[in-house]
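Residue-level structural notes
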Amino acid sequence: MATHRGEEEKLTVAKMNLTRHLNFLDGEDEVEDQNWDDWEVEDDAEEEQGSNPELRCLFCDSLYNSSSSLFEHCASAHHFDFYGIKKAYSLDFYRCFKLINYIRCQTVTNKCWSCGKMCDSKEELQNHLHEERPSEGSILPWDDEKYLNPFLQDDALLYSFDEDAEYEEEDAAPVDSEELAVHLSQFEHINIDDEGSSDRYASELMQPCANGPKEVQFTVNESTNHVKSSGRLVENGVSTVTNGMSSFENTEDIVSSSKVAANEITNINKKYFGSYSSFGIHRDMISDKVRTDAYRQAILENPSLLRGSVVMDVGCGTGILSLFAAQAGAARVISVEASEKMAAVATQIAKDNGLLQNGLPGEDSQCNGVIEVVQGMVEELPNADHIKPHSVDVLLSEWMGYCLLYESMLSSVLFARDRWLKPGGAILPDTATMFVAGFGRGGTSIPFWEDVYGFNMSCIGREVVEDAARVPIVDVIDSCNIVTTTKVLQSFDLATMHAKQMDFTAEVELEPNLDAVLNHPVGSKLETTFCYGVVLWFDTGFSERFCTEKPVNLSTSPYGPSTHWSQTILTFREPIAMASKVGAEKLGVVGTVDCPAVRIQSRISIVRAAQHRSIDISMELTGIGADGRKRSWPVQMFNLN
C-alpha cells in the first residue's frame, strides 16, 4: 500500500517551510559544530522586513498582519466563517489549504464560492456573498488535488492560517502505547561505527512542540550508540543536545513530551489516512495487476482456507480484498478502514454488490451479505464488543509500502494478529523478503544528459547523481542495469515476528555480475564495471503453510513486471569499480579502475524514523580488492518520508 510520489511532493510543498532535512558530512573526520547564531542573524534581517507578513483577504483587497484578524474580517464583512467551516467539515491542514486556493480561484472570476453564482462585477459579488450553504453530495467542491497548487504566488495566508491552532485532545484518536514508545525512543540517535573507522556524523531531527516544530540538534561521538552486525539495535550511549535538553528532568517533562509526541502521531495518522481518500490512489493500486492478481489468486484459488471462515481485512480501502474473500465463500468478513470517507465508500460498494451484512452477527435480522465495514484504526477495535478476541480464522491485509516498511502499517497488522487471530489461524501474506543488488550507470540519469539532441549536458547528470546520494529514490530499475549478484537483505515471518523486528541491521556481500555490458564506461577494461549504488525490492509470499492448494508469490523485482511500488534506489557518493578477476596487481586505490573491488561488503540498517510512518536507512560500504586490501567509505544516511 503506497501513495504516489508526485502527490506526496505536492503535500510536502504545502508545508516545506516547517521541515528541515537531515544534513550529511561527506568524508570528514570530525563533526563540525552547527552555528545557529549565524542563522539567527540572517533571519533577523529578514524579520525587520517581513516579521508581520501582509495577508490578503479572500474576498477584497484588505491586508492584515495575522490570520485570526483576517478571518474575523471575513466573518463580519463577507459572511465567511473559516473556523466554523473547518470544524463542521473536520478539515485538516491540506483541506484548509485547498479551501483557501479554491475561494481565491472563484473570487477572481466573480463567482460565489458557496453557491456558484456568477456575478457581473466584483461589487455585485461583494453584495451577494452569504453564509456557507451545505454542499450537496459527499464530495466538497474544493476537495480537488489541483487546489494544492497555490493560486496566488507567495500567498502568506497558506502558511499561517493554522498558526493559532490548538491541539484538540478530546477529539484525538487513540494512540497505541507501543507505537508512542517507538516514536519517543527514536529521538535517541544511533551511530553506526565500523571496525577500524572513526567516521562520525551529525543530523537534525524535528521535535514537535505545542507552538510548532522545534529544531533539536543531536551530536553523537564514537563511544555512543552502535548498530551491532547481529541485527539488534543497541542503544547504550547518551546523545548530547544543543538548543534543547538531552534527557527529561522530571515526571512533568515526560508527561508533557509524551502528549506532544502523541499529538504528533495523531496528526500524522490523520494526514496519512486522509491521503487514501483520493480515488486515484486506489485506482492505481487496483490497476497494479501484479498486486491485485496475486491477492485474487491466493484468496479464490485456496477454497479450503476461505470457505466458511471468519476473515478480517486490515486497511480495506475500496474493499476489493474483502469482496474477493466474500466471493471465495467466507462466512463473515470484517473490513477495517481508518479513513472515514473510504469506509463509507467500501460500505456502499459492498451494498451495491449485494454483499453487505445487515445487522450484527447473532441478531434476528435477515443478513443477505457477509461483509461488515468497521471505521477506525485497528488499534481502536478492542472497544468493538461484537468482535471477540481470537475469533478470526484468516487475517488479510495489503500493508506493504515503498521499501516494504515505509508507512509502518505492518505494526497494525501484527497488532490485529495478536488480538483477533485464532491460534493456528492464517495470515495473508505470511512471508516478506527484502532483496538488494548493485546497479550500474544505466540506472542513473547520466546517459540521458550525455547526449541531448547532440549536446553534452553531462554536468547536469553529475549533479543529479550527487543529489541522489542524499535522498532515496523510488523508481523502476531495468534488470539490464543490475551489475552485481542479488542477495537477501532480510526475511520476515509474519505469523511469528514481533513489531520490534521491523528495525534491523543486515550485512550482505555483493559480487560483480558482468553480464550487464551496457554498464561498462567508455574506455574501461571489458572485465570491469562500475557500481553506482544499490537497489532494494521485496517479495511477499502466500506460502504452502496456509495456501496449500495454490501458493502465490507477489514480487516487485526489477526482473519481473513493474508494480506501483517500483524499487527503492540508494546511490553511492562515488561509483565503485568492480571486477570478477583482474590481471596484474596494481597498488591503486581499491574501487578504482587500477584496483577494482572483487566484492563489496554492505551493512544496511533500516529503522522506524522519529517522524511517524517514515523510515531511516543507513548504508556502510567496504570494497575488497583481489589482494585482500580493503577500503571503507563514510556511512550514508537516507530518510524515506
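Residues numbered from 1 in each chain as written. Predicted model: local features only at pLDDT ≥ 70, side-chain atom pairs only at ≥ 80, totals over all residues. Heavy atoms only, no water.

1. Remarks on the overall build of the chain
Operational definition: We count a stretch as a helix when DSSP gives it H or I for four or more residues in a row; a strand needs E for two or more, and each element gets its number in order from the N terminus. The classification of residues rests on relative accessible area computed with a 1.4 Å probe and restricted to protein chains. Under 20% of the type maximum is buried, over 50% is exposed, and intermediate values are partly exposed. Contacts are residue-level and defined by heavy atoms, with any inter-residue pair within 4.5 Å sufficient. Under the convention used here, a 1.4 Å probe and the Shrake-Rupley method define accessible areas, while residue burial counts only the protein chains that appear.
Looking only at helices and strands, the chain has 16 helices and 22 strands in total. Looking at the chain as a whole, 49% of its 641 residues qualify as buried. For the chain, the proportion of contacts with a sequence separation of at least 24, taken over those separated by at least 6, is 70%. Surface exposure of the chain reaches about 30,600 Å², of which carbon and sulfur atoms provide 48%.

2. Examining the packing of aromatic side chains
Aromatic rings in a pair are described by how distant their centres are and how their planes are angled relative to each other. Rules: Stacked, tilted and edge-to-face are the three classes applied to pairs of Phe, Tyr and Trp rings, where Trp contributes its six-membered ring and a pair requires centres within 6.5 Å; stacked means planes under 30 degrees apart, edge-to-face means over 60, and tilted covers the rest.
Under the defined criterion, the tally for this structure stands at 20 aromatic pairs. Plain terms: the ring middles of Tyr102 and Tyr147 are 5.4 Å apart, the flat faces sit at 85° to each other, and that makes the pair edge-to-face. Here the residue Tyr102 occupies a position in helix H5 (residues 93–108), and Tyr147 occupies one in the loop between helix H6 (122–128) and helix H7 (177–185), the gap between them amounting to 45 residues. With a relative accessible area of 7%, Tyr102 lands in the buried category. The interplanar angle of 75° and the centroid separation of 5.4 Å between the aromatic rings of Phe538 and Trp565 together place this pair among those described as edge-to-face.

3. Some points on the confidence of the model for the chain
Which entries qualify depends on this criterion: Each residue carries a pLDDT score, the predictor's own confidence in it, on a scale running from 0 to 100.
Mean pLDDT over the chain: 76, with 68% of residues reaching 70 or higher. In this model residues 183–258 is a low-confidence stretch, pLDDT under 50, and it forms 158 contacts with partners more than four residues away in sequence or in other chains. Confidence over residues 362–367 falls short of pLDDT 50; this stretch has 5 contacts with residues more than four positions distant or in other chains.

4. Things to note about the pairing of strand E16 (residues 504–510)
Worth spelling out the cut-off: Pairing between strands is defined by DSSP: at least two bridges between the two strands are required.
Most of E16 is tucked away, with 5 of its 7 residues classed as buried. Direction of pairing for E16 relative to strand E20 (residues 597–608): antiparallel, over a ladder of 7 bridges. Looking at E20, one finds that Glu509 is bridged to Gln601.

5. Quick notes on the environment of Arg307
In this structure, Arg307 sits in the loop between helix H11 (303–306) and strand E8 (310–314). Arg307 gets classed as exposed once you look at its relative accessible area, which sits at 57%. As for Arg307 and Gly329, which are separated by 22 residues in sequence, their C-alpha atoms are 4.4 Å apart. Leaving out residues up to four positions away in the same chain, Arg307 has contacts with Ala328 and Gly329.

6. Overview of helix H3 (residues 67–78)
Let me state the cut-off plainly: Expected helix span is given by 1.5 Å per residue-to-residue step, counting one fewer step than there are residues.
In this model H3 runs 15 Å from its N-terminal to its C-terminal C-alpha over 12 residues, within 8% of the 16 Å that 1.5 Å per residue would give. Its buried side turned inward, H3 meets strand E1 (55–56), strand E2 (63–64), helix H4 (82–88) and H6. Two residues or fewer past H3, His79 is found with a positive phi of approximately 60°.

7. Observations concerning the pattern of salt bridges
The line we're drawing: Counted as salt bridges are all cases of a side-chain nitrogen of Lys or Arg within 4 Å of a carboxyl oxygen of Asp or Glu.
Evaluated as defined, the whole model comprises 20 salt bridges. The residue Asp293 makes a salt bridge to Lys289 at a minimum N-O spacing of 3.1 Å. Separated by 4 residues within a single helix, Asp293 and Lys289 lie in helix H10 (residues 289–300), roughly one turn from each other. Among the ionic pairs, Asp627 bridges to Arg629, the shortest N-O distance being 2.7 Å. What emerges from the salt-bridge pattern is a single network uniting Arg56, Asp61 and Lys122.

8. Thoughts on the side chain of His130
Along the chain, His130 falls in the loop between H6 and H7. Given the relative accessible area of 13%, His130 is considered buried.

9. A short note on the environment of Arg608
Inclusion rule: Any pair of N or O atoms that falls within 3.5 Å is considered a polar contact. Within protein, one atom must be able to donate a hydrogen and the other to accept it, and sequence-neighbouring residues count only if both atoms are side-chain atoms.
Mapped onto the elements, Arg608 comes out in strand E20. Distance from Arg608 to Leu640, taken between C-alpha atoms, is 9.8 Å for residues 32 residues apart in sequence. At 3.3 Å, the side chain of Arg608 and the backbone oxygen of Ala499 are in polar contact.

10. Digging into the sheet that holds E8
Sheet strands line up and pair through hydrogen bonds in the backbone, either parallel or antiparallel. The test is simple: Each axis is a line fitted through C-alpha atoms, and for a helix only the stretch in contact is used; angles between axes span 0 to 180 degrees, taken between their N-to-C directions.
Sheet architecture is open: 5 strands sit in the order E10-E9-E8-E11-E12, paired in parallel fashion. The strands lining the two open edges of the sheet, one partner per strand, are strand E10 (371–375) and strand E12 (421–428). Within this sheet the neighbouring strands show an average axis-to-axis angle of 25°, counted without direction. The pairing of strand E9 (residues 332–337) with E10 spans 5 bridges and is parallel. In the sheet register, Ile334 faces E10, and the bridge partner there is Glu372. Helix-sheet contacts for helix H14 (residues 410–420) involve E8, strand E11 (392–397) and E12, and the interaxial angle to E12 is about 150°.

11. Some remarks on the packing of H10 against helix H12 (residues 320–327)
This is how it is decided: Small angles under 35 degrees read as roughly parallel and large ones over 145 as roughly antiparallel, with 65 to 115 read as roughly perpendicular and the rest as oblique. Helix crossings fall into two classes, left-handed where the near helix is turned counterclockwise from the far one by less than a right angle and right-handed where it is turned clockwise. Residues are sorted three ways: Asp, Glu, Lys and Arg are charged, Ala, Val, Leu, Ile, Met, Phe, Trp, Tyr, Cys and Pro are nonpolar, and all the rest, Gly among them, are polar.
Contact geometry of H10 with H12 gives a least axis separation of 9 Å together with a crossing angle of 25°. Between H10 and H12, the crossing angle belongs to the class labelled roughly parallel. For the element pair H10 and H12, the recorded crossing hand is right-handed. Between H10, through Thr292, Tyr295, Arg296, Ile299 and Leu300, and H12, the contact on the second element is made entirely by Leu321, Phe324, Ala325 and Gln327. Grouping the constituent residues of the contact of H10 with H12 by class yields 6 nonpolar, 2 polar and 1 charged.

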